[in-house]
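# Summary of the model geometry
Each chain, written out:
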Amino acid sequence: MYPGMAELIRAGRFDICYSRCTFDPRRMIYRSGYNGRRINLFKVLLSSDCKFDCSYCQNAWRKGETISPEELAEIFRSMKEKGMVSGAFISSAVNADPDRVMERILEAGRLIRRFHTGYLHLKIIPGCSKDYIKEAVEIANRVSINLETTSESRMSEISGVKLFKEDILRKQRMIAKCVDMKRKEGYRRSHTTQIIAGLGETDGEILDLMNKEYEEFGIARFYISRFQPLKFTPFEKRRAESQRRIINLYRMDALLRMYDYPISLLKEVMVDGFLPPTDPKMAIAEKIIKEFKDGQDGREIDLANDCGFQLLPEMIPGCGKKISQMLREGKSLAEIKRMGYSIKRISAYSKGQKRIYEF
Ligand code: SF4
């Protein structure tokens, strides 16, 4: 293996989403999810040498490694033949003009497509031209461009080079159009994005951006990386973001993406722009119940009969898509439990083992 290859593979770990992607340092592979399947990924940078100046990223502040698209494709071929990986994710630091970097990513993608029909993810470099985006969407199953943060002003605090609107959001609009066109032709294509949580932004800012990304750009996933201070960077003395916040941000993402919670409801439980430390789904349920109780002027209420309509099955903590569907079909909690599902959390919101309409 090319001597700098390990560094180029390891460098990809700062781009993991903490949702379902993990890095196995022993085998130098990543495990990720795609279309509900777990796949072993060859996730690698073509270069870890960057001309940009992101204050949290080591690639900007020390000399990195660079590999050719041919070498990269050959290493992937050999790992694939050994059964170590079944998909590839090619990214790169910006070691030249953005178009030149995209050309190298595309070249690696083209070479890989000669022998690999499976999962291929290509990173889009901020500031690159539309033609490169178009070709990346032709070649790859999935493309992504990293937002890194929530706004133009936040971006100016972390980089003096990258322009949030011009280099990233504008390119994302192009990506969305290209992905849409390919889908209309019957191809399975998607695009995702990522931010780093812990660079001064609030949860409310993340929520607004997340909502815009799903609504306007039709992204498949909004990934969240945890800020970790790295040596040799201007942010090396900053505090690392807590894992607990990342978990709650992903819970917020699920409520928005899978359960269609209005953003106003999510914002109602925020304090000074931040989610409470508890599960936001639980905080919202508690708030709805409390408000209903308060509205009863101290009168003893029967949650079962009075409040049930306000808390839809999928809004009950512990109640996922499957259980809420069963509750809608009229199954009792006892029946659901007998089917092997945990009803521990849901039980706290029920009177005995009654049916959903009696919550
Ligand atoms: S563009 Fe920024 S985040 Fe990306 S590799 Fe370069 S310095 Fe790091």
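Treat the numbers as computed from the prediction; the structure is a model and nothing was measured.

## Focus on the nonpolar core
Residues Phe42, Ile90 and Phe222 are the most contacted members of the largest nonpolar core, which totals 95 residues. Counting residues per element, this core draws most heavily on helix 6 (residues 164-184), which supplies 8 residues. Here this core gathers at least three residues from each of two domains, domain 1 (5-261) and domain 2 (280-358). Here Phe222 is in contact with Leu147, Thr193, Ile195, Ile206, Leu209, Met210, Glu213, Tyr214, Tyr250 and Asp253, once residues within four sequence places are set aside.

## Observations regarding the layout of surface pockets
Its volume calculated, the second largest pocket comes out at about 210 Å³. Residue lining of the second largest pocket: Tyr250, Arg251, Ala254, Leu255, Met258, Tyr259, Asp279, Lys281, Gly318, Cys319 and Arg345, and that is the complete set. Looking at the lining of the second largest pocket, its residues break down into 6 nonpolar, 1 polar and 4 charged. Taken domain by domain, the lining of the second largest pocket gets at least three of its residues from each of domain 1 (5-261) and domain 2 (280-358).

## Some remarks on the site of the ligand
Contacts to the ligand come from Cys50, Phe52, Cys54, Tyr56, Cys57, Asn59, Ala60, Ala93, Val94 and Lys162. Across the shell around the ligand, the residue classes break down as 8 nonpolar, 1 polar and 1 charged.

## Overview of the pattern of salt bridges
By the definition in use, this model includes 24 salt bridges. Between Glu135 and Arg110 there is a salt bridge, with the nearest N and O atoms lying 2.8 Å from each other. Of the two residues, Glu135 is situated in helix 4 (residues 130-139) and Arg110 in helix 3 (residues 98-113); the sequence distance between them amounts to 25 residues. We classify Glu135 as partly exposed; its relative accessible area is 27%. The salt bridge involving Arg328 is made with Glu314; its shortest N-O contact spans 2.9 Å. One end of the pair, Arg328, is in helix 12 (residues 321-328); the other, Glu314, is in the loop between helix 11 (303-306) and helix 12, with 14 residues separating them in the sequence. Judged by its relative accessible area of 39%, Arg328 falls in the partly exposed class. Salt bridges linked by common partners bring Glu201, Asp203, Glu241 and Arg245 together as one network.

## Describing the packing of aromatic side chains
Scanning the entire structure with this criterion turns up 3 aromatic pairs. Their ring planes at 20° and their centres at 5.7 Å tell us that Phe42 and Phe76 sit as a pair that is stacked. Of the two residues, Phe42 sits in strand 3 (residues 37-45) while Phe76 sits in helix 2 (residues 69-81), which places them 34 residues apart along the sequence. Of the two residues, Phe42 and Phe76, both sit in the buried class. Relative to Phe235, the ring of Phe227 lies with its centre 6.2 Å away and its plane at 80°, an arrangement referred to as edge-to-face. Taken as a pair, Phe227 and Phe235 share a single burial class, namely buried. Across the ring face of Phe89, the terminal group of Lys43 is positioned such that the distance to the ring centre comes to 4.9 Å. Positioned above the aromatic ring of Phe115, the side-chain terminus of Arg77 is 4.5 Å from the ring centre.

Calculation notes
- Residues numbered from 1 in each chain as written.
- Predicted model: local features only at pLDDT ≥ 70, side-chain atom pairs only at ≥ 80, totals over all residues.
- Heavy atoms only, no water.
- Core = buried A, V, L, I, M, F, W, Y, C linked by side-chain atoms within 4.5 Å.
- Buried < 20%, exposed > 50% of the residue type's maximum accessible area, 1.4 Å probe, protein only.
- Helix = DSSP H or I, 4+ residues; strand = E, 2+ residues; numbered from the N terminus.
- Domains from an automatic or database assignment.
- Contact = heavy atoms within 4.5 Å.
- 1 Å grid on protein atoms, 1.4 Å probe; cavity = no way out; pocket = protein on both sides within 12 Å on 5 of 7 lines; lining within 4 Å.
- Points joined across faces, edges and corners; volume = space filled by probe spheres on them.
- Nonpolar A, V, L, I, M, F, W, Y, C, P; charged D, E, K, R; others polar.
- Near = heavy atom within 4 Å.
- Salt bridge = Lys/Arg side-chain N within 4 Å of Asp/Glu carboxyl O.
- Phe/Tyr/Trp six-rings, centres within 6.5 Å; stacked < 30°, edge-to-face > 60°.
- Lys NZ or Arg CZ within 6 Å of the ring centre and 35° of its normal.

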